[in-house]
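# A structural walkthrough
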Amino acid sequence: MADLPDVPTMLDTAVKALGGNRREGQSAMAEAVAEAVQKREHLVVQAGTGTGKSLAYLVPAIRHALDKETTVVVSTATIALQTQLVERDLPRLAKALAPLLPREPTFAVLKGRRNYLCRNRLESAGDEHDEAELFDPRQLSSLGKQVARLHEWAEETVTGDRDELVPGVGDLAWRQVSVGANECVGARVCAFGQECFAEFAREAAQGVDVVVTNHAMLSIDMTQGNHILPEHDTIMIDEAHELVDRATSVATGTLGERAVSLAAKRAARLVEPGVSERLAECADGLALMFADVPEGRLDHIDEALAGAVAATRDAASACVTAIGPLNGESDADTASERRMALAALGEVHDTAVRILESFEPALRDRTEVVWLTRAPGRQPALGIAPLGVGGLLREKLFGDRTVVLTSATLTLGGSFTSLAHQWGLGREVTEENAERAARGAEPDDPSDEDGPHRAAGEPRWRALDVGSPFDHARSGILYVATHLPQPGRDGLLPAYVDEISELIEAADGRTLGLFSSMRAAKQATEELRERLDHPILCQGEDSTGQLVRRFADDERACLFGTLSLWQGVDVPGPSLSLVIVDRIPFPRPDDPLASARQRSIAAHGGNGFLSVAATHAALLLAQGTGRLLRSTGDRGVIAVLDPRLATARYGGFLRASLPPYWGTTDPSVARAALRRLSGRSAPEPAA
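Fair warning: this is a prediction, and the values are worked out from it, not measured in the lab.

## Considerations on the overall build of the protein chain
When helices and strands are tallied, the protein chain shows 27 helices and 18 strands. Computed over C-alpha atoms, the radius of gyration of the protein chain comes to 27 Å, within 12% of the 26 Å expected from 2.2 N^0.38 for 687 residues, which places it in the range of a compact globule. With 687 residues in all, the protein chain has 52% of them scored as buried. When the accessible surface of the protein chain is split by element, carbon and sulfur atoms take 49% of a total near 30,600 Å². For the protein chain, the separation between the mean place of its 72 positive charges and that of its 97 negative charges on side chains is 3 Å.

## Observations concerning the nonpolar core
Counting residues in each nonpolar core, the largest one holds 86 residues, and the members touching the most others are Leu110, Ile237, Leu397, Leu405, Trp423 and Leu654. Dropping the residues within four chain positions of it, Leu654 is found in contact with Ile584, Ala614, Ala617, Ala618, Leu621 and Leu645. Val15, Ala47, Leu58 and Ala61 belong to the second-largest nonpolar core, a separate cluster that totals 38 residues.

## Let's talk about the packing of helix 2 (residues 24-39) against helix 3 (residues 53-68)
Put simply, helix 2 and helix 3 touch, their axes get as near as 8 Å, and they point 35 degrees apart. Remark: the crossing between helix 2 and helix 3 carries right-handed chirality. Every residue of helix 3 that contacts helix 2 at Gln26, Met29, Ala30, Val33, Ala34 and Val37 is listed here: Lys53, Leu55, Ala56, Tyr57, Pro60 and His64. Of the residues contributing to the contact of helix 2 with helix 3, the split by class is nine nonpolar, two polar and one charged.

## Remarks on the environment of Leu512
Within the element layout of this structure, Leu512 appears in strand 13 (residues 511-514). Counting along the chain gives 249 residues from Leu512 to Ala263, while the straight-line C-alpha distance between them is 45 Å. Setting aside residues up to four positions removed in sequence, Leu512 forms contacts with Phe551, Leu559, Leu565, Val569, Leu576, Leu578, Val579, Ile580 and Arg627.

## Side note on empty space enclosed by the protein
Counting across every chain of the model gives two cavities of 30 Å³ or more. Its volume calculated, the largest cavity comes out at about 190 Å³. Counting residues per element, the ones that place at least two in the lining of the largest cavity are helix 5 (119-124), helix 8 (197-205) and helix 14 (332-358). Across the lining of the largest cavity, the residue classes break down as 13 nonpolar, four polar and three charged. Quantified by volume, the second largest cavity comes out at close to 30 Å³. Around the second largest cavity, the lining residues are Val7, Pro8, Leu11, Asp12, Arg22, Ser27, Ala30 and Glu31. The set of elements that each furnish at least two residues to the lining of the second largest cavity consists of helix 1 (7-17) and helix 2. Counted by class, the lining of the second largest cavity contains four nonpolar, one polar and three charged residues.

## Re the packing of aromatic side chains
Going through the model one piece at a time under the given rule, you end up with six aromatic pairs. With 5.3 Å between their ring centres and 85 degrees between their planes, Phe586 and Tyr650 make a pair best called edge-to-face. Of this pair, Phe586 sits in the loop between strand 16 (578-581) and helix 23 (592-603) while Tyr650 sits in the loop between helix 25 (644-647) and helix 26 (651-656); the two residues are 64 residues apart in sequence, bridging distant segments of the chain. In this structure an aromatic cluster arises from ring pairing among Phe586, Phe609 and Tyr650.

## Brief notes about helix 4 (residues 79-97)
Helix length check: helix 4, at 19 residues, gives a terminal C-alpha distance of 25 Å against a target of 27 Å (1.5 Å per residue), a fit within 8%. Where helix 4 bends most, the angle comes to about 40 degrees, and this point is Leu85. Taken residue by residue, helix 4 has Leu81, Gln82, Leu85, Val86, Asp89, Leu90, Leu93, Ala94, Ala96 and Leu97 as its buried positions. Where the residues of helix 4 are buried, they touch helix 1, helix 3, strand 2 (71-76), strand 3 (107-109) and strand 4 (210-214).

## Focus on the sheet that holds strand 4
The strands that make up a sheet are held in pairs by hydrogen bonds between backbone atoms, and each pair lies either parallel or antiparallel. Sheet architecture is open: seven strands sit in the order 3-4-2-5-10-1-11, paired in parallel fashion. Each edge of the open sheet is held by one strand with a lone partner, namely strand 3 and strand 11 (461-465). Along the sheet, successive strands turn relative to each other by an average axial angle of 20 degrees, direction set aside. The pairing of strand 1 (residues 42-46) with strand 10 (residues 402-407) spans four bridges and is classified as parallel. Note that in strand 10 the partner of Leu43 across the bridge is Val404. Packing against the sheet, helix 4 makes contact with strand 2, strand 3 and strand 4, and its axis sits at approximately 165 degrees to strand 4.

## Things to note about the confidence of the model for the protein chain
Segments scoring low in pLDDT should not have their predicted coordinates read at a detailed level. When the pLDDT values of the protein chain are averaged, the result is 88; 90% of them are 70 or greater. Scored below 50 in pLDDT, residues 442-455 makes 29 contacts in the model with residues more than four places away or belonging to other chains. Long-range and interchain partners of residues 683-687, a stretch whose pLDDT sits below 50, account for four contacts in this model, where long-range means more than four residues apart.

## Observations concerning the sheet that holds strand 7 (residues 296-298)
The four strands are arranged 6-9-8-7 in an open sheet whose pairing can be described as antiparallel. Where the open sheet ends on each side, the last strands, each with one partner, are strand 6 (253-256) and strand 7. The average angle at which neighbouring strand axes cross in this sheet is 30 degrees, direction not considered. Where strand 7 meets strand 8 (residues 368-373), three bridges bridge the pair, whose relative direction is antiparallel. Residue Arg297 lies in a different strand from strand 8, and its bridge partner there is Trp371.

Rules behind the numbers
Residues numbered from 1 in each chain as written. Predicted model: local features only at pLDDT ≥ 70, side-chain atom pairs only at ≥ 80, totals over all residues. Heavy atoms only, no water. Helix = DSSP H or I, 4+ residues; strand = E, 2+ residues; numbered from the N terminus. Rg over C-alpha atoms; globule rule 2.2 N^0.38 Å. Buried < 20%, exposed > 50% of the residue type's maximum accessible area, 1.4 Å probe, protein only. Areas by Shrake-Rupley, 256 points an atom, 1.4 Å probe, with all protein chains shown as cover. Lys, Arg positive; Asp, Glu negative; His and termini not counted. Charge placed at Lys NZ, Arg CZ, Asp CG, Glu CD. Core = buried A, V, L, I, M, F, W, Y, C linked by side-chain atoms within 4.5 Å. Contact = heavy atoms within 4.5 Å. Axes fitted to C-alpha atoms, helices over the stretch in contact; angles between N-to-C directions. Left-handed = near helix turned anticlockwise from the far one by under 90°. Nonpolar A, V, L, I, M, F, W, Y, C, P; charged D, E, K, R; others polar. 1 Å grid on protein atoms, 1.4 Å probe; cavity = no way out; pocket = protein on both sides within 12 Å on 5 of 7 lines; lining within 4 Å. Points joined across faces, edges and corners; volume = space filled by probe spheres on them. Phe/Tyr/Trp six-rings, centres within 6.5 Å; stacked < 30°, edge-to-face > 60°. Expected span 1.5 Å × (residues − 1). Bend = angle between axes of the 7 residues up to and from the residue. Pairing = 2+ DSSP bridges. pLDDT = per-residue confidence, 0-100.

Put into structure tokens, the structure is as follows:
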């Protein structure tokens, strides 16, 4: 499309229309994104909180979409950002840019089919109990009430999107009224094909300029042959630090008594009793085998367990053969039953095959890890996941499109290398070698991957850190409590509870406590409620959203919690002036996936601890400490109680992953700063 304004002009117009101010980092990012799209190169951009990165990638995305009459996909990790983009950022941006453009930009949101209510499934939700029959009867009463609510909501909703149902329902209830992509009979056969919410969403996403989706959906789209996202040549991945975990989650399989029993139950409606009963017996056999298997990673599989898994594989295959292939049935009910059964059976069969095949290579050459989990309130099950998803991302994501990956946290230990490696990217294209390649010159080092002899298929990418509008050294203090002992394994040590109490008193509340476990968070909550008169909120006592709102509304309140709070809290202003981290958030030593990845890297000559455990901790620390400064006027203290951040050899790597806060190990300095911020500048008592 001719005569479109350039990106700087469009960005200036958008910023002014939205009442903002021009930011140097935002402008630099927008121009870099536009250049990457134009050159068809991948770009990795770290943009600190407050940069305005959403506008910085949305503006060049919209320009490219209109110029090439194509669709640009934007992928996020969290529902919160997805909602913000679709309900706030894009509508306002489209309206602001419309006077400059031939037409107003268009956009849509697209999620996986499982996120939308299925009218066909809803019709049978009261008759079919499926996995509900496998639950405690006490749960079924609540389930029935939730399904009844869903029937009422189905008559009101326009989108059928689960995220619009407030308050929500549990996963079990939602599964009674939704289907996965492999369970759907298709709009042509389905009696409700003309009223399908998922189909409406897909149709709305066709031909728009920007489609907003999520990392899980993107991962599913990459791994399935029938692409769900509209045709596109450019993807903007926000919250890119979450991409590997979300892709790994999609690629994780589970094999347990419940899944096998459900598959047998669905097959029983369609095959001879003896065939499905054989699979049901396999579910019982697995349960018996699991009783003798220790929880955790399985490096070897004993003959009895392997036999039970193989029997399950064969029984599921026999059921699939007995049902036969789908032949385009015209009856919706029959098609639905067959689809649902084949989907459940296929998942059981394929997971069993993966588990057995994963043990065939030598330990150092394996690409997947298997473990047994015994989650509270759930039946034991085998899990299997890939050791890495870099190969998948390199082939399916970076192969034939331009990808921009951005987040406030992408440099770990001061480098983009760690995350780039996890994404399947090689070495960054440097300016010097790019120029040499353009001249056709040999690289200084013939083995240099950035030169003209870069490995075939190696994605070309550049990195950019546009910084942050915050003056971290003036706005935040990083206090490491080196006088405390190393954290213990059995809950919070008394010295830690004392330290937390003194810091909260100095801050007059206003504290976000980020703990490495819910056990520690609950212990701190219980003990400090007896000591302090500040309201202390604890994750799990209400929905996270409600707790964060209560915390933001009461300046004397404290909020304690674990993982989701490390990344999901945005409370600018005086309600938050102290972030406490109880310990460096390394993965648990018995975490099957992290420990297997660490061992595999070490077996191939790498530093497993630094590549896995320290990188995981650095990412979470950067995300958690980033809760402190959310606007340019924020001030406060980050208190890390774990002395290893200052004393251990890896501490330098972790500190280099954080913004340049002013640092201290003196508790009196931290408490004095907090008193000043709270307006209670009492002198520090003598030691």
